[in-house]
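Coordinates in review
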Amino acid sequence: MQNAIEFIGVSKRLIKGERATSLRDLLSESIGRLFGKSRKENPDAFWALKGLNLQVQAGESIGFIGENGAGKTTMLKLIAGIMKPNEGELKVSGRVASLIELGAGFHPDLTGRENIYLCGSIMGMKMTAIKEAFSSIVSFAGIEEFLDTPVKRYSMGMFVRLGFSIAMHLDTDIMLIDEVLAVGDLNFQAKCRDALDRFKESGKTIVFVSHDLGSVLSLCSKVVWLSKGKIIEAGDPQKVVNAYISHSEGTSESSLKLRRDGAWAAGYDPANVVREPRGLAVSPEGEVYAASMQGHCVAVFSPSGKLIKAIGTAGIGEGKLYSPAGVAVNGNVVFVSDVSGACVQKFTREGVFTGAFRGSFGEPFGLCVSGKDSLIVTDRRLFKVFELSREGRMVNVFGGKGSGDGEFDFPVAAAIDGKGFLYISDLNNHRVQVFDPERKFIVSFGSFGSGDEEFNGPHDLAIRGNTLFVADHLNSRVKRYDISAVPGKPELTGVFGLERSMLPCGIAFGPGSELYLTFGGTELIGKYLAG
Amino acid sequence: MKKSLLEIWQFRELLGGLVKKDIKLRYKQTLIGIAWAVFSPITLTLIFSSVFSGFTAGKTGAIPRYPLFVYSGLAVWFLFSGSLSSAVSVLVNNSSLVTKVYFPREVFPLSAVFSKLLDFSLALAVLLIMLPFFKVPLSAGLLWIPVIVLVQLAFTAGLALLLSMGNLFFRDVKYIFDSVITIWMFATSVIYPIKSVSPLKNNLLALNPMIPIIDAFRGAVFEGRLSNPIPFMLASGIAFITLFAGLALFHKMEYLFAERI
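Since the model is a prediction, treat every value here as computed from it, not as a measurement.

So, about the overall build of chain B. In terms of regular secondary structure, chain B is built from 13 helices and zero strands. Along its sequence from the N terminus, chain B presents helices and strands in the succession α-α-α-α-α-α-α-α-α-α-α-α-α. Per-residue burial for chain B yields a buried fraction of 52% across its 261 residues. Across chain B, every contact between residues at least 6 apart in sequence was considered, and the portion connecting residues at least 24 apart equals 81%. Element-wise, carbon and sulfur atoms account for 72% of the exposed surface of chain B, whose accessible area totals about 12,300 Å².

Right, here's the structure in full:
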């Protein structure tokens, strides 16, 4: 195999903080040298990369992980030719395109159309190639209606989608990707991943830098863990990621900690049953049911973390699951919401299909069973919440798209407390809304941000007694609330920080006080003990 | 050098795209649009003509057709100074691209220069329209104009490369440039013929290629010939040396841009 990229003892020195860029410094330094003073070492200089030896074969997809400041981005910039190494040699063969920052080449005052041409040529595309790919770029980004709008009026999502779409149409041999997959809504993320898979299949080299370990695992055939400019471990993705996770858990910074149960270190299984687990449910006996979006089934684990069985087979139709997102266990019944199948299906705990509710769902996502024996389903495409009887009769529908009280923008999870109050996490509005037993809106909490009281894409909810847990997806945190004051406002009682790269999705209580979490884009299910 | 020229050639479409963007943005959301391009040379011509007519009229050495003289000088000068003043900060203003995407960085200062060509062409068109009113015949000598502009572009591009790079490393460069360009205008025959005021004779000023360039331009317009072949040849030499020095130095330092910006 031919090497696409080869690092031979590459070192790169960078300077921290503000650079001295005034003529005065230059003058004083040259006068100093004139009088025989030796040039002094800049105290702010540090080695961003030190003695890096690495070969990347053509057609390989290699992932780089490591904490901030490990040298990942510097390494990408060296490959892209934006910087040159201070020592060593770097050989790159083939055309390189860097997706280091999406939309970096956009000019806010130009229209989408104009920016496609400008940005495309900045990235090295020929005019004829851009013309050819133009309609494909536009439809991939989904901005048909806004082609002649200046991009300064675009939403952040549109901006990033357009940037990604242009990058995906580059004709290149080596693609450098830095932290760009965690953008856009879930649909777009899936689209991105498909595009990258196709890119990979066409035999091109991908260099991927990310904190999202799940994406790294699903995309890369080799993973390198960098720390302080040096390679700590390189090789088999799962092995390196596990080593990195167990290392970073020891160095987590949050005041409150969730301790990972060793037996549940990783739910990864070779059978690929657990791929992108979302919703979680735990039976009173401690069996864990995880809706596996990309594994097209509900994976069932023993309390000790052993995979017991998979409920459902891949596909659309009765007893088949295509992208199961939510799961709830009630007595001997397992309810599963299937996003692409647009239905909710019933199975026995042994895995026998017993019925399906079709209703008028768009994309049913979150799921919970209420005390009144009804089933609550959140629909992320219709922006509504459905309440069904156990027989599948529609009892109540409420919501609609918007950001007002009782309106939703991507409702992804529902949970019900002992008093019958319903909690809905409203992902794109970055808040959780609370409804009374008559499903009248009472209160909402949270807003966009990274503060304690703020959310960035709140996902699943778990309730036990007066305690509510919220998986604050993109903030990599789990938040605990005391809901005894509801219908008053719930009170924040704890913030549990996770490793930055772990984006919690699903959350459920075990029979004890343990908490199970699933992580976005991963094959991981974690079991945590508070304290 | 050859490699860097080849690379710039490969990115010529990008250069064209950046020039187009510059032009589009400059007059977007303005009331009179592209007419701004000739607004300031015309205004300044009116001002200078009325101020200087007082003490040049009737005296010996008075400049014939003074408004035309000033206007042609200003048109050429604005191509020079306008290009440079947008080039000096062009790399710093595009720092996000400089630190994130790889392509020959030369295209930034070069696009700053080329995008002023449209303004100049308009100013030139207005000049040609003015000629009959001042009883200047249109002659074949006007064909010298492209040659003169080419020499000027080479000189401007060389300086643009050096200045944009200088300002990236030392932000002082922009401020120094702002003062120097004003002084430079008065040391060039823009609003008066430089010979009429220079006490230094031509020794020092011979190093200023803008004097022969502007003189040559006026010669082509008014007399229909290249009126000062030797000084103009010297200026051309300086211009192309500046261009090659600019390209070579820029290419040599380019890899430091991302970390020093």
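In this section: unusual backbone geometry. For the bond running from A:V486 to A:P487, omega is 15 degrees, close enough to zero to count as cis. You can see A:P487 is positioned in the loop between β31 (477-482) and β32 (491-497).

Attention now goes to the sheet that holds strand β11 (residues 277-282) of chain A. Residue and element names in this part refer to chain A. Spatially, β11-β12-β13-β14 is the arrangement adopted by the four strands of the open sheet, whose pairing is antiparallel. Edge positions in the open sheet fall to β11 and β14 (307-311), since each of these has one partner strand only. Along the sheet, successive strands turn relative to each other by an average axial angle of 25 degrees, direction set aside. Where β11 lies against strand β12 (residues 288-292), four bridges are found, and the strand directions are antiparallel. Each residue of the ladder has a partner; that of L280, found in β12, is A290.

Next up on the list: the environment of A:K50. Residues and elements named next belong to chain A. Among the secondary structure elements, K50 is positioned in strand β2 (residues 45-57). Distance from K50 to G229, taken between C-alpha atoms, is 5.4 Å for residues 179 residues apart in sequence. Here K50 is in contact with V10, S11, E87, G229 and K230, once residues within four sequence places are set aside.

Attention now moves to the confidence of the model for chain B. Averaged over every residue, the pLDDT of chain B is 88; residues scoring 70 or more account for 92%. Averaged pLDDT values for the elements of chain B fall to 80 in helix α1 (residues 2-10) of chain B and rise to 96 in helix α9 (residues 144-169) of chain B.

Here we take up the pairing of strand β34 (residues 515-519) of chain A. The two faces of the sheet receive side chains in turn, since in a regular strand these alternate between them. Residue and element names in this part refer to chain A. Burial within β34 is extensive, with five of its five residues counted as buried. Of the two faces of β34, the one lined by L515, L517 and F519 and the one lined by Y516 and T518 are each fully buried. Pairing between strand β33 (residues 504-509) and β34: four bridges, direction antiparallel. Opposite A508, over in β34, you have Y516 as the bridge partner. With antiparallel pairing between neighbouring strands as the criterion, β33 and β34 make up a hairpin whose turn holds five residues.

Definitions and limits used
- Residues numbered from 1 in each chain as written.
- Chains lettered and ligands numbered in written order.
- Predicted model: local features only at pLDDT ≥ 70, side-chain atom pairs only at ≥ 80, totals over all residues.
- Heavy atoms only, no water.
- Helix = DSSP H or I, 4+ residues; strand = E, 2+ residues; numbered from the N terminus.
- Buried < 20%, exposed > 50% of the residue type's maximum accessible area, 1.4 Å probe, protein only.
- Contact = heavy atoms within 4.5 Å.
- Areas by Shrake-Rupley, 256 points an atom, 1.4 Å probe, with all protein chains shown as cover.
- Pairing = 2+ DSSP bridges.
- Axes fitted to C-alpha atoms, helices over the stretch in contact; angles between N-to-C directions.
- pLDDT = per-residue confidence, 0-100.

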